[in-house]
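# Tertiary structure, described
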Amino acid sequence: MATVVIYVPSSPHTHLKLTSVRTLPHSLTPGYCDWICCCSNIEYMIIKLDHKNRKARLSLRGSELLEVLREAEETNPKEVRSLWRPEYGEYMVEGTPGQPYGSLVQHFNIVEHNMSFRRSEVQSLLQPDEVVLSLTSFPRLGCDDFTYPPAQPDPVSGCSRSLFFPDAAITQGHPRFKTLTQNIRERRGENVAISVPIYMDLKTPRPFVEDLSQYGDDGSSAAAAKEDHVYMDAMGFGMGCSCLQMTFQACNISEARVLYDHLTPLCPVMLALTAATPVYRGYLTDVDCRWDVISASVDCRTREERGLEPLRNDRFVIPKSRYDSVDCYLSECGARYNDIPLVYNKNIQQKLLDSKVDEYLAQHISHLFIRDSISLFSERIHQDDAREMDHFENIQSTNWQTMRFKLPSVNSNIGWRVEFRPCEVQLTDFENAAFGVFIVLLTRALLTFKLNMLIPISKVDENMKNCQKRNAVLDQKLWFRRDIFSRECDKGDDASQMTVGEIINGKGEEFVGLIPLVRQYLGALDLDADTACTIGQYLNFISARAAGTAMTTATWMRNFIMSHPEYKQDSVVTDGIAYDLIIAASEITQGKQECKELLGGTPKTKTSEDIPKAMKKIIQMTCLAPRNAE
Ligand code: GLU
Ligand code: MG
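Residues numbered from 1 in each chain as written. Chains lettered and ligands numbered in written order. Predicted model: local features only at pLDDT ≥ 70, side-chain atom pairs only at ≥ 80, totals over all residues. Heavy atoms only, no water.

## Remarks on the overall build of the protein chain
- For the protein chain, the count of helices and strands is 24 helices and 19 strands.
- A globule of 630 residues ought to have a C-alpha radius of gyration of about 25 Å, and the protein chain, at 23 Å, matches this closely.
- With respect to the principal axes defined by its C-alpha atoms, the protein chain has extents near 65 × 60 × 55 Å.
- In the protein chain, the share of contacts with a sequence separation of at least 24, taken over all contacts with a separation of at least 6, comes to 75%.
- When the accessible area of the protein chain is evaluated, it comes to approximately 24,100 Å², of which 50% is carbon and sulfur surface. (Helix = DSSP H or I, 4+ residues; strand = E, 2+ residues; numbered from the N terminus. Rg over C-alpha atoms; globule rule 2.2 N^0.38 Å. Contact = heavy atoms within 4.5 Å. Areas by Shrake-Rupley, 256 points an atom, 1.4 Å probe, with all protein chains shown as cover.)

Put into structure tokens, the structure is as follows:
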């Protein structure tokens, strides 16, 4: 039977029983996680290269490739080394490790190997003129003839009604993505509107105003477009971007809250450090990151909810899109720093409080429930909420915040987890592994030293704006807590402004720096030589990125484009420039071309397929089987 996907417009949601939330275990196998289990999730793009005409296009083969990629999982789910899932673009696939990385320090040494394995799995299925890249955004996304096979947008009856983004570029193999696209637009009452400031180069027209009638605009896009900005009008411009996400297993709900809260202020720092998106729709822009673009690309708020018209039909004025930064901390300590007014669904909050869910979690969940469901399977409407969590997961999975607080599932031993979601994906497995391992190590340092990263949530929001600006890693100062050793949670606002370099590497007597802290933490461990070598290279690289001795991917791309002979100082990234950029990116990814300016040297880690056999024995003797951290 075909699955029908329906949209529930402005459903009040108060009918949803949240008994499943109430009955969740608050602690699972305490003490299990001496080390944290984690899972890294990477989204890839498939690119087809036309060498004769020097043109790179997105290859619309994701659904077809997934069928083959998923065979191993279907035949042998327990032993499989990678899991593959669809993503928004028909040119995308998403890969996670088959099992979460284990809980020993030696497991840090297998992260990069698993990433390379995943990449090679995809590459082995490609044609000679195709490459798989972990590229945050395709520079000519939405430009004329950017897909293979060619596809035309349909501004009159397409799912997104876009002037630029064809429905064929949205994943075809699963109904979720097209439905989300259509429902977001319908709920909003108009096309999404994304405006990114153009990079004003010497010969960029001033003012920069595009003639959108050439794309078939009926006037509505021209009205939505802003002067001196690149205009985009479809969910695909945002959700068609790729990222690197990590999920951490926590021992229990308290540890999950601590991780969620204390990692929240790190989100803008890591976004600046992983910046990889300077080009949109073929134009060089003044931002380096994807975050605000995705945020606008799924902004389903009505005019009333955006505060543009008085509330008549809707329930709330909602300050942010459903893809945005965290709005409230979850721990008692963190709650003192919740200084922005929170919109939440009072009925749901009351129901949760009546069911003995504590006030902070009740507030968080009732805040998630200010959003409507934007895609729902018709056969999943009627459920026993004590046994199934689909209604909750439906809302949870379409609240795309910088952090996600993941609840245990009913009838499964999966525990409390948090997901770290801001990072842009990097070209090489080395870089992605470095960022992944660094964040995990930071969580360990955080818990071991009982660090305090909390700053007012309004300052995290301010950082989210500034960290996306061009060259933010070197040019911006971000709020960060100075006295991170203070365990008292009512010590007030200790935030001061620092560069990303100072936050990561330290600032004299004033601030210790996150890398020195991680090194201190590692110093107390008994590391084998290979793992120590690998981690050492990751930390050196991150330190160099923060200090500016290694460039961000965004800066490397900018430099590449601006020094390209075809570039006319007019902000336009032509097909020829994009082709050369993709070729260079692909050679760096495959290690065929050195790129010291990006990697801070020529790293060669000791990453390996598995941990030493002797260690495995120890785990079998002392640990429970790792739980799925996905
Ligand atoms: N691709 C989205 C991003 O770049 C994330 C989608 C997801 O949550 O999987 O943030
Ligand atoms: Mg994804």
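So that's the structure; there's more coming.
## What about the site of ligand 1?
- Residues in close proximity to ligand 1 include E43, E87, E94, C241, S242, C243, Q245, R290, I294, Y323, W400 and R421, which together make up its full environment.
- Between ligand 1 and E43 there is a distance of 2.7 Å, counted from a nitrogen atom to a side-chain nitrogen or oxygen.
- Taking R290, its side chain carries an N or O atom lying 2.7 Å from an oxygen atom of ligand 1.
- Taking 300 Å² as the accessible area of ligand 1 by itself, protein coverage stands at 92%. (Near = heavy atom within 4 Å. Polar contact = N/O pair within 3.5 Å; in protein donor to acceptor, adjacent residues only side chain to side chain.)

## What about the coordination of the magnesium ion (ligand 2)?
- The protein atoms that coordinate the magnesium ion (ligand 2) are E43 (OE), E87 (OE) and E94 (OE), at distances of 1.9 to 2.1 Å.
- Read in sequence order, the donor residues for the magnesium ion (ligand 2) give the motif E-x43-E-x6-E.
- By relative accessible area, E94 is classed as buried at 9%. (Donors = N, O, S within 2.8 Å, 3.2 Å for Na, K, Ca; no water. Buried < 20%, exposed > 50% of the residue type's maximum accessible area, 1.4 Å probe, protein only.)

## Some words on the pattern of salt bridges
- Counted according to the given criterion, the structure contains 38 salt bridges.
- R57 is the partner of D50 in a salt bridge, and the nearest nitrogen-oxygen pair spans 3.8 Å. Per residue, the accessibility class of D50 equals that of R57, and both read buried.
- The partner of R380 in a salt bridge is D390, with the nearest N and O atoms 2.8 Å apart. Of this pair, R380 sits in the loop between β14 (376-377) and α14 (390-396) while D390 sits in helix α14, and the two are ten residues apart along the sequence.
- Residue classification places R380 among the partly exposed positions, given a relative accessible area of 28%.
- Each member of the salt-bridge network shares a partner with another, and the members are D50, K55, R57, R140, D145 and D575. (Salt bridge = Lys/Arg side-chain N within 4 Å of Asp/Glu carboxyl O.)

## Considerations on the confidence of the model for the protein chain
- Of the residues in the protein chain, 91% reach a pLDDT of 70 or more, and the chain-wide mean stands at 90.
- Low pLDDT (under 50) marks residues 623-630, which in the prediction has 32 contacts with non-local residues, meaning those over four places away or in another chain. (pLDDT = per-residue confidence, 0-100.)

## Focus: the pairing of strand β3 (residues 55-59)
- Burial of β3 is extensive: five of the five residues sit out of reach of the surface.
- Pairing between strand β2 (residues 38-50) and β3: four bridges, direction antiparallel. Residue pairing across strands places I47 opposite L58, the latter belonging to β3.
- The antiparallel hairpin formed by β2 and β3 contains four residues in its connecting segment, where R54 sits at a positive phi of about 50°.
- As defined by bridge partners, β3 adjoins strand β7 (residues 147-148) across two bridges and the pair is classed as parallel. Bridge pairing in β7 links L58 to T147. (Pairing = 2+ DSSP bridges.)

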